Amino acid sequence: MGIFRRRRQVPEQIPELPPYPPPPPTLAPGDLAVAQQVVRAFLASLGDDDRMSTAAAAVVQAGGGVTGIEELVRNVSRIYETGDLGFDRPWRWLAVVTAEARQLGDLVLVADIAYFVHLWDTRLRSRSASGEAMILLQSPPPDAVREIYPIALAALAEVDPDHVVADGTGGIRVAALRTGIAHRILDADPPYPVETQTQAQQLVES
């Protein structure tokens, strides 16, 4: 018999995994107008890093994202309740706005948001990955991109292909934007639903 009693091992309690994904954002009155304002302000600021940073912060605030270190700390402390640090909220908010704009027939707003997301998904994602993030606006999460692209691909078929989505460097025509989105859809892994892939393939081959 040993001199010291062996303490019974008490297994550590493993915390429950946070719920994922977090609940989708809901729209408030005026959100479509706010989204149009902040997205267009960002597009107009392209090429000017200071203005881009300010405009990106406005997108974050409008979408309920992380606006400072204190808010981030609060989100970290509640991660097991919400499953959400807050960085992806602006993008998920834009996904909900895009769906609502499509339903209401505001195809110009759909085009603006689609271009904004496409820029971040292509040109600006590399800057974010290299540490040049636009302050508190991070790269769009794949789930938000996968919500927005199919809506845009279908909706922009109803827009004049020569319509220019303006930015600080001149802009892009809707026809070129749709084609760019179609290529992103076709290159995606995991693949998009067959219906979306077929629509993208038909556009690329036309």
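These numbers were taken from a predicted model, which means no experiment stands behind them.

Draft legend 1. Region of interest: helix H5 (residues 89–104). Between the first and last C-alpha of H5 there are 22 Å, a value that for 16 residues agrees with the 22 Å anticipated at 1.5 Å per step. Of the surrounding elements, those touching the buried residues of H5 are helix H1 (31–45), helix H2 (49–62), helix H6 (107–121) and helix H8 (142–155). A positive backbone phi angle near 85 degrees is found at Gly105, which sits one or two residues after H5.

Draft legend 2. Local environment of the packing of H6 against H8. Relative to each other, H6 and H8 sit at 135 degrees, their axes nearing to 10 Å. Here H6 is positioned oblique relative to H8, judged by the angle of their axes. Two packed elements cross with a definite hand, and for H6 against H8 that hand is left-handed. In this structure, H6 uses Leu107, Val110, Ile113, Ala114, Val117, His118 and Asp121 to contact H8, whose residues at the interface are Val145, Ile148, Tyr149, Ala152 and Ala155. The residue makeup of the contact of H6 with H8, split by class, is ten nonpolar, one polar and one charged.

Draft legend 3. Representation of the pattern of salt bridges in the model. Per the stated rule, a full pass over the model turns up five salt bridges. The partner of Glu158 in a salt bridge is Arg102, with the nearest N and O atoms 2.7 Å apart. Taken together, the residues Glu158 in the loop between H8 and strand S1 (164–165) and Arg102 in helix H5 connect sequence positions 56 residues apart. By relative accessible area, Glu158 is classed as exposed at 52%. Relative accessible area serves as the criterion here: at 29%, Arg102 is assigned to the partly exposed category.

Draft legend 4. View of the nonpolar core. Ranked by internal contacts, the top residues of the largest apolar core, which has 50 residues, are Phe42, Leu94, Phe116 and Leu156. Where this core is concerned, the elements lending two or more residues are H1, H2, H5, H6, H8, helix H9 (174–187) and helix H10 (194–205). If one sorts the elements of this core by residue count, H6 sits on top with eleven residues.

Draft legend 5. Local environment of the environment of Gln37. Examined against the element boundaries, Gln37 turns out to sit in helix H1. Between the C-alpha atoms of Gln37 and Ala62, which are 25 residues apart in sequence, the distance is 9.9 Å.

Draft legend 6. Local environment of the environment of Ile148. Here Ile148 is to be found in helix H8. Residue class for Ile148 comes out buried when judged on its relative accessible area of 1%. Note: C-alpha distance between Ile148 and Arg92 (56 residues apart in sequence) is 9.3 Å. Once residues lying within four places of it in the same chain are set aside, the contact partners of Ile148 are Trp91, Leu94, Ala95, Thr98, Ile113 and Val117.

Draft legend 7. Seen up close, the packing of aromatic side chains. Under the criterion given, the structure shown has four aromatic pairs. Between Phe42 and Phe116 the ring centres are 5.2 Å apart and the planes differ by 90 degrees, which places this aromatic pair in the edge-to-face class. A residue pair is termed long-range when its members are at least 10 positions apart, and Phe42 in helix H1 and Phe116 in helix H6 qualify at 74 residues. Each member of the pair, Phe42 together with Phe116, is buried. Their ring planes at 25 degrees and their centres at 5.3 Å tell us that Trp91 and Phe116 sit as a pair that is stacked. In this pair, Trp91 sits in helix H5 while Phe116 sits in helix H6, placing the two residues 25 residues apart along the sequence. Across the pair, exposure class does not vary: Trp91 and Phe116 are buried alike.

Draft legend 8. Seen up close, H10. The end-to-end C-alpha distance of H10, which contains twelve residues, comes to 16 Å, matching closely the 16 Å that a straight helix rising 1.5 Å per residue would cover. If you check which residues of H10 are buried, you get Thr196, Ala200 and Leu203. One face of H10 carries all of its buried residues, which in axial projection span an arc of 60 degrees. Seen from the buried face of H10, the exposed residues on the opposite side, beyond 90 degrees, are Val194, Glu195, Gln202 and Glu205. Elements in contact with the buried residues of H10: H8 and H9.

Reading guide: rules and limits
Residues numbered from 1 in each chain as written. Predicted model: local features only at pLDDT ≥ 70, side-chain atom pairs only at ≥ 80, totals over all residues. Heavy atoms only, no water. Helix = DSSP H or I, 4+ residues; strand = E, 2+ residues; numbered from the N terminus. Expected span 1.5 Å × (residues − 1). Contact = heavy atoms within 4.5 Å. Axes fitted to C-alpha atoms, helices over the stretch in contact; angles between N-to-C directions. Parallel < 35°, antiparallel > 145°, perpendicular 65-115°, else oblique. Left-handed = near helix turned anticlockwise from the far one by under 90°. Nonpolar A, V, L, I, M, F, W, Y, C, P; charged D, E, K, R; others polar. Salt bridge = Lys/Arg side-chain N within 4 Å of Asp/Glu carboxyl O. Buried < 20%, exposed > 50% of the residue type's maximum accessible area, 1.4 Å probe, protein only. Core = buried A, V, L, I, M, F, W, Y, C linked by side-chain atoms within 4.5 Å. Phe/Tyr/Trp six-rings, centres within 6.5 Å; stacked < 30°, edge-to-face > 60°. Arc of directions from axis to C-beta.

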